[in-house]
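# Working through the structure, step by step
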Amino acid sequence: MDKLFTLVSIGYRGPKMKISNLVLNDFTNDSRVLKTSNTLQALGHNVTVVAIHENGLAVREELPNGVGIHRIRLLTKKWYKNRLVQVIKLSEFIVKFIVNYRKSDTLHCNDLNGLFVGVMCKLTNPNMPIIYDSHELAINDVPYQSRWSIKLKFVLEWFLIKFAKNVICVSDS
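Since this is a predicted model, take the numbers as computed values, not measurements.

The rules behind each value
- Residues numbered from 1 in each chain as written.
- Predicted model: local features only at pLDDT ≥ 70, side-chain atom pairs only at ≥ 80, totals over all residues.
- Heavy atoms only, no water.
- Core = buried A, V, L, I, M, F, W, Y, C linked by side-chain atoms within 4.5 Å.
- Buried < 20%, exposed > 50% of the residue type's maximum accessible area, 1.4 Å probe, protein only.
- Helix = DSSP H or I, 4+ residues; strand = E, 2+ residues; numbered from the N terminus.
- Contact = heavy atoms within 4.5 Å.
- Pairing = 2+ DSSP bridges.
- Axes fitted to C-alpha atoms, helices over the stretch in contact; angles between N-to-C directions.
- Phe/Tyr/Trp six-rings, centres within 6.5 Å; stacked < 30°, edge-to-face > 60°.
- Lys NZ or Arg CZ within 6 Å of the ring centre and 35° of its normal.

## Brief notes about the nonpolar core
Formed by 22 residues in total, the largest nonpolar core has its most connected members in Leu22, Val50, Phe93, Phe97, Leu107, Leu115 and Ile130. Of all elements in the fold, only strand E2 (46-52), helix H3 (83-101), strand E5 (106-110), helix H4 (111-122) and strand E6 (130-133) reach the threshold of two or more residues within this core. The residues contacting Val50, other than those within four sequence positions of it, are Asn21, Leu22, Val23, His70, Ile72, Phe93, Phe97 and Tyr101.

Encoded structure:
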């Protein structure tokens, strides 16, 4: 209940907020994001889940309860998966996200990669609150991750979390 109170209480501008719930997957099997979105919608808010488009999925759809889903189509999706190309793909996603969602009342960013996109969007709208929902410990979420990678994620999260109005995490640690 604290989670929902936090989301509803910050940045509240009237009876209905426009909440963008950002996740960097295709949103086909993400029950936590779905439950959060459904609850916020039931509380009277206008919720859109923003995800990455995959072939065979609708770009836009609406759940029976009114939660919108927007899967952003990337022109660079079929490009190779080396690090430079991944940065280009992320940049394309960020630009398209900002164009469509910079006027949201609240951004709910799931995981560290979502927080990064949310902070880039917040730079275009400094008054927009960000909720950072860290589903798991981001600094060690990949098996056999290098120490350099762990340190980079730690520093990135330490810096980006300062832009969040509230943080939802899995444990006190």
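The structure having been displayed, the exposition proceeds.
## Quick word on the sheet that holds E5
Backbone-to-backbone hydrogen bonds pair the strands of a sheet. The strands run either parallel or antiparallel. Read across the sheet, seven strands follow the order E3-E4-E2-E1-E5-E6-E7 without closing on themselves; strand pairing throughout is mixed. The open sheet has two free edges, formed respectively by strand E3 (60-62) and strand E7 (166-168), since each of these has just one partner strand. Neighbour-to-neighbour, the strand axes of this sheet turn through a mean angle of 20°, independent of strand direction.

## Quick notes on the packing of aromatic side chains
Under the criterion given, the structure shown has three aromatic pairs. On the numbers, 5.6 Å between centres and 70° between planes, the contact of Phe159 with Phe163 is edge-to-face. Its relative accessible area of 45% is what places Phe159 among the partly exposed residues. The aromatic ring of Trp158 is capped on one face by Lys162, whose charged end is 3.5 Å from the ring centroid.

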